[in-house]
Amino acid sequence: MTQSYTAVAQVVRESGLLTRTRWFYALVLGALALALGGAATGFILLGDTWYQLLIAGALGIIFTQIAFVAHEASHRAVFTSGPHNDRLGRTLATALVGISYAWWMNKHSRHHANPNKVGKDPDIDFDTISFTEEDAAKQKGLMAWITRRQGYLFFPLLLLEGVNLHVTSVRTLFARRRIEGRGLELGLIAARFIVYFGAIFWFLPLGMAFAFIAVQLAVFGVYMGASFAPNHKGMPIVSADSKLDFFSKQVLTSRNIIGGWWATTLYGGLNHQVEHHLFPSMPRPHLAKARRIVKEHCATVGVPYTEATVPESYGIVVSYLNRVGLSARNPFDCPMVTEYRRS
């Protein structure tokens, strides 16, 4: 399999699919700048009206799209220079979106190194939702109640994910360990907090201002969570002591979402998750072409290549989370007795 990956990587490289596409990201960033400017203009012109909540929802979408580009910069997909990518990523993620770039780099790099591997992948660590049966079985009280229904509660819980991302970022920056760019990021987040929230509370009545922030964070959280969740949730979990080659590890734990240019735009390239994990630095416009190469190669070497439509992917996630959540049930509970008590 090591030789197999080398072979497919050579084909991808010779096809020019790892070449940077600065023109594409210039267009995307230009469009996002216009969208952000339009939202700010609309915010000022609308004034004291509940139609401001439409602007809040639009900002949630815009911030997520900005985060997609920051994610690509963290993978060195925008520029050939690492420092240039880091400067762009930190500007977009921290100054505009309000998320710590250093925290994201650390967390996401560990995920890419060992996707869905117990004890190695931070994306399957317990955080309100249990992704393994062992974590589900440990939950007690209210958390056990949530865990048993976590599949159905997944999207409602994502309404709070925006708040969670911001809080986790700030908490990480105050951690007692070396964090690159800690002072800069704290300064950028503080400046964003003052400018963004200051403008909202200055222009809008108190109640409307809180509603604006709540809608923006809710849309941002749902969009971010719904974009990253279909990629690995419901795919095989790798035990802590398992050893897999790079090619198998990345392909077997990843799921693509079927769709054309609209899916790539909607998910910021994350719909091509298999190709993204095999070639993290590949620019977004080349992922669709790489998909054909990788899919044919997987068929040749006998490695399952997983794709699903948007509804299918979310259905898989919900079913998987509910199945895992059942592990939180008391093994001594008798369904007949429980039903009898209810009656």
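Each remark here, short or long, concerns the structure printed above.
Residue numbers here run from 1 along each chain, matching the order of that chain's written sequence. Local features are withheld for residues below a pLDDT of 70 in this predicted model, meaning they are given only at 70 or higher, and side-chain atom pairs are given and counted only at 80 or more; totals for whole chains, interfaces and linings count all residues. Processing note: side-chain calculations cover all non-hydrogen atoms of the structure and skip hydrogens and water entirely.

**Quick look at the pattern of salt bridges**
Okay, so step 1: In what follows, salt bridge is the name for a side-chain nitrogen of Lys or Arg lying within 4 Å of a carboxyl oxygen of Asp or Glu. Under the defined criterion, the tally for this structure stands at seven salt bridges.
Okay, so step 2: Across the pair E185 and R90 runs a salt bridge whose closest N-O atoms are separated by 2.9 Å. Of the two residues, E185 sits in helix α10 (residues 182-203) while R90 sits in helix α4 (residues 82-97), which places them 95 residues apart along the sequence.
Okay, so step 3: Close ionic contact of K138 with D135 constitutes a salt bridge, the shortest N to O distance being 3.9 Å. Of this pair, K138 and D135 are both found in helix α6 (residues 133-138), three residues apart, which corresponds to roughly one turn of the helix.
Okay, so step 4: Because the salt bridges share partners, they merge into one network encompassing R291, K295 and E307. The helix count covers DSSP runs of H or I at least four residues long, the strand count covers runs of E at least two residues long, and both are numbered beginning at the N terminus.

**Observations concerning the packing of aromatic side chains**
Okay, so step 1: Here the aromatic set is Phe, Tyr and Trp, taking the six-membered ring for Trp, and pairing holds for ring centres within 6.5 Å; pairs whose planes are under 30 degrees apart are stacked, those over 60 apart are edge-to-face, and all others are tilted. A complete count under the given rule lists 16 aromatic pairs for this structure.
Okay, so step 2: Their ring planes at 45° and their centres at 6.5 Å tell us that Y5 and F247 sit as a pair that is tilted. Placement of the pair is Y5 in helix α1 (residues 2-14) and F247 in helix α12 (residues 246-252), with a sequence separation of 242 residues.
Okay, so step 3: When the ring of F63 is compared with that of Y196, the centres are 5.9 Å apart and the planes differ by 75°; the resulting orientation is edge-to-face. A residue pair is termed long-range when its members are at least 10 positions apart, and F63 in helix α3 (residues 52-74) and Y196 in helix α10 qualify at 133 residues.

**Digging into the nonpolar core**
Note on soluble globular proteins: their nonpolar side chains tend to be buried together.
Okay, so step 1: Membership of the largest hydrophobic core comes to 38 residues, with the highest contact counts inside it found for L59, I66, Y196, I200, L204, F212 and F220.
Okay, so step 2: Elements with a minimum of two residues in this core: α2 (22-46), α3, α4, α5 (101-113), α10 and α11 (206-228).
Okay, so step 3: Tallying contributions element by element places α3 first for this core, with ten residues.
Okay, so step 4: When neighbours within four sequence positions are excluded, L204 is seen to be in contact with F43, G47, Q52, A209 and F212.
Okay, so step 5: We call a set of buried Ala, Val, Leu, Ile, Met, Phe, Trp, Tyr and Cys residues a nonpolar core when their side-chain atoms join them within 4.5 Å. Three exposure classes are used, based on accessible area relative to the maximum for each residue type with a 1.4 Å probe and protein chains only: buried under 20%, partly exposed in between, and exposed over 50%. Formed by 17 residues, the second largest nonpolar core is a distinct cluster that contains F247, L278, I293 and V294. Throughout, a residue-residue contact means that at least one pair of heavy atoms, one from each residue, lies within 4.5 Å.

**A word on α10**
Okay, so step 1: Expected helix span is computed as 1.5 Å times (number of residues minus one). The terminal C-alpha atoms of α10, which comprises 22 residues, lie 32 Å apart, in line with the 32 Å expected from a rise of 1.5 Å per residue.
Okay, so step 2: Among the residues of α10, those classed as buried are E185, I189, R192, Y196, F197 and I200. For α10, the angular spread of the buried residues around the axis is 95°, confining them to a single face. Away from its buried face by more than 90 degrees, α10 exposes G183, L184, I194, V195 and W202.
Okay, so step 3: Turning to α10, the residues buried within the fold contact α2, α3, α4, α5, α9 (161-173) and α11. Arc definition: it is the arc formed by the directions from the helix axis to the C-beta atoms.

**Here's the deal with the packing of α4 against α10**
Okay, so step 1: Between the N-to-C directions of two axes lies an angle of 0 to 180 degrees, each axis being a line fitted to C-alpha atoms and, for a helix, fitted only over the stretch in contact. With their axes 7 Å apart at the nearest point, α4 and α10 run at an angle of 40° to one another. As summarised for this structure, α4 and α10 are arranged oblique, according to the angle between their axes. Of the residues in α10, those in contact with R90, T94, A95, L96 and V97 of α4 are L184, E185, L188, I189 and R192. Between 65 and 115 degrees an angle is taken as roughly perpendicular, under 35 as roughly parallel, over 145 as roughly antiparallel, and anywhere else as oblique.

**Observations regarding unusual backbone geometry**
Okay, so step 1: Even without being a glycine, R76 presents a positive backbone phi close to 65°.
Okay, so step 2: Tracing the backbone shows R76 in the loop between α3 and α4.
Okay, so step 3: Non-glycine residue T128 carries a positive phi angle of around 75°.
Okay, so step 4: With respect to the helices, strands and loops of the structure, T128 is situated in the loop between α5 and α6.
Okay, so step 5: Taking relative accessible area as the criterion, T128 reaches 31% and is therefore assigned partly exposed.

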